[in-house]
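# Structural features, examined
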Amino acid sequence: SPRRASASAQATTSSSSPGLREAKRALLEACEGTFRGSAASASERAAVEEAQVALEGFTYKSNADPDLDLEALAGRWRLRWTNANDVLSVLRLARDSLGAVQVGDIFQTFDARGSLTNEIRLGLAFLTQSAARDTEGGLALKVGARYERVDAGASKGATTKNDDAKKKPSPSRRTLALVFEEAKVTELRISDELELVFAPALLPRGAVNHRLLLALREAEARFDLSSAVAIGATPSSSSGTKRKTGAPVGAYHVTYLDEDTLIGRANGAGGTFIFDRVA
């Protein structure tokens, strides 16, 4: 597709490049067996970081434009690795709960018009269906956000000091400023055992049971974040109230992007995120 072709070009080298293929293979191998980073040893974390930096180096290794292409970014991306403490705490909770809590797939979904959805699928023993990876069981916790690419005037056209060196735009051209707007709990898939409580197998399912099960499946809990005030916001000159801006969470720097791999580094809470494309 044109979008994926653009993403491939944005990797700044042909996907047939042996060096790029080897760098991607090394990164995927380093991530394997670490439970998305939650069980990584110090040496494994160092190996991932080394492989990641090697792959990120391809972003500026050709004459292709390294500025972030939002059309190429658009799509659904599944987490393969992170060292972000907030995500690792959830993954470790699942590992230490002996099956009481499950963490399924974790996604980021971008569109090219400035919206982003973070999604994590969670399962609770005896209450929900399994939330194992590659399934849609459990429930989904989704946080909707908007993003804007940082295009500071000072960064435009910035180059290295050496006039003979290859021109290299400022990294800010690949940075997104994020603002959370809404969180919701949705897509509940109750367990077979719990469903039997509402619709016993030996009894006919009445209209009340049917409506209750349907309501559970369609239930959503929403939390509006649009009234959160940005750090440093100033009062309105007319009303004296602060402008509603959502919940700003810092910036997200896309250090590598091609047709099937996305790497981002977050400031604020911090952490690295490595994704593969699923749609």
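Scroll up to find the structure this text is about.
Just so we're clear, the structure is a prediction, and the values are computed from it rather than from any experiment. (Residues numbered from 1 in each chain as written. Predicted model: local features only at pLDDT ≥ 70, side-chain atom pairs only at ≥ 80, totals over all residues. Heavy atoms only, no water.)

## Regarding the overall build of the chain
Of regular secondary structure, the chain possesses seven helices and nine strands. For the chain, buried positions account for 39% of its 279 residues. Long-range pairs, those at least 24 residues apart, make up 68% of the contacts in the chain between residues at least 6 apart in sequence. Carbon and sulfur atoms provide 56% of the accessible area of the chain, an area that totals close to 15,000 Å². (Helix = DSSP H or I, 4+ residues; strand = E, 2+ residues; numbered from the N terminus. Buried < 20%, exposed > 50% of the residue type's maximum accessible area, 1.4 Å probe, protein only. Contact = heavy atoms within 4.5 Å. Areas by Shrake-Rupley, 256 points an atom, 1.4 Å probe, with all protein chains shown as cover.)

## Considering the environment of L55
Relative to the assigned elements, L55 resides in helix α3 (residues 42-56). On the basis of relative accessible area, L55 is assigned to the buried category, the value being 0%. In sequence terms L55 and A26 are 29 residues apart; their C-alpha atoms lie 9.0 Å from each other. Residues contacting L55, with those up to four places away along its chain left out, are L20, A23, K24, L27, Y256, T261 and I263.

## Digging into the environment of Q102
When you line up the elements, Q102 lands in strand β2 (residues 101-110). Measuring from C-alpha to C-alpha, the distance between Q102 and Q129 comes to 10.0 Å, with 27 residues separating the pair along the chain. Discounting residues that sit within four places of it in the chain, Q102 has contacts with A94, R121, L122, G123, Q129, S130, A131 and A132.

## Quick notes on the pairing of strand β1 (residues 75-82)
Within β1, six of the eight residues are buried, which leaves the element mostly enclosed by the surrounding structure. Alignment of β1 against β2, held across four bridges, turns out to be antiparallel. Bridge pairing links G75 to F110 in β2. With five bridges joining them, β1 and strand β9 (residues 272-277) adopt antiparallel strand pairing. Residue pairing in the sheet places T82 in a bridge with F273 of β9. (Pairing = 2+ DSSP bridges.)

## Focus on the pattern of salt bridges
Applying the stated criterion across every chain yields a total of 21 salt bridges. For R80, the salt bridge identified is with E32, shortest N-O distance 2.9 Å. Of this pair, R80 sits in strand β1 while E32 sits in the loop between α2 (18-31) and α3; the two residues are 48 residues apart in sequence, bridging distant segments of the chain. One salt bridge in this structure joins R133 and D105, with 3.8 Å as the shortest N-O distance. (Salt bridge = Lys/Arg side-chain N within 4 Å of Asp/Glu carboxyl O.)

## A few points about unusual backbone geometry
Its identity is not glycine, yet F35 carries a phi of approximately 55°, on the positive side. Structurally, F35 can be placed in the loop between α2 and α3. Look at R36: it is not a glycine, yet its phi comes out positive at around 60°. Turning to its location among the elements, R36 is positioned in the loop between α2 and α3.

## So, the nonpolar core
Formed by 30 residues in total, the largest nonpolar core has its most connected members in L73, F110, L176, L257 and L262. By size, the runner-up hydrophobic cluster in this structure holds 14 residues, among which are C31, V48, L55 and Y256. (Core = buried A, V, L, I, M, F, W, Y, C linked by side-chain atoms within 4.5 Å.)

## Thoughts on the packing of aromatic side chains
By the definition in use, this model includes three aromatic pairs. For the pair Y252 and F273, a centre-to-centre distance of 6.3 Å together with 50° between the ring planes defines the contact as tilted. With Y252 in strand β7 (residues 247-257) and F273 in strand β9, this residue pair connects regions lying 21 residues apart in the sequence. Each of the two residues, Y252 as well as F273, counts as buried. For the pair F273 and F275, a centre-to-centre distance of 6.4 Å together with 20° between the ring planes defines the contact as stacked. A single burial state applies to F273 and to F275, both of which are buried. Following the ring pairs from residue to residue traces out a cluster consisting of Y252, F273 and F275. (Phe/Tyr/Trp six-rings, centres within 6.5 Å; stacked < 30°, edge-to-face > 60°.)

## Section: the pairing of β7
The pairing of strand β5 (residues 175-189) with β7 spans five bridges and is antiparallel. Residue pairing for β7: A177 is matched across the bridge by A251. Note that β7 and strand β8 (residues 261-266) share five bridges and pair antiparallel. Counterpart to V254 in the pairing with β8 is G264. Hairpin remark: β7 followed by β8, antiparallel, with three residues in the connecting loop.

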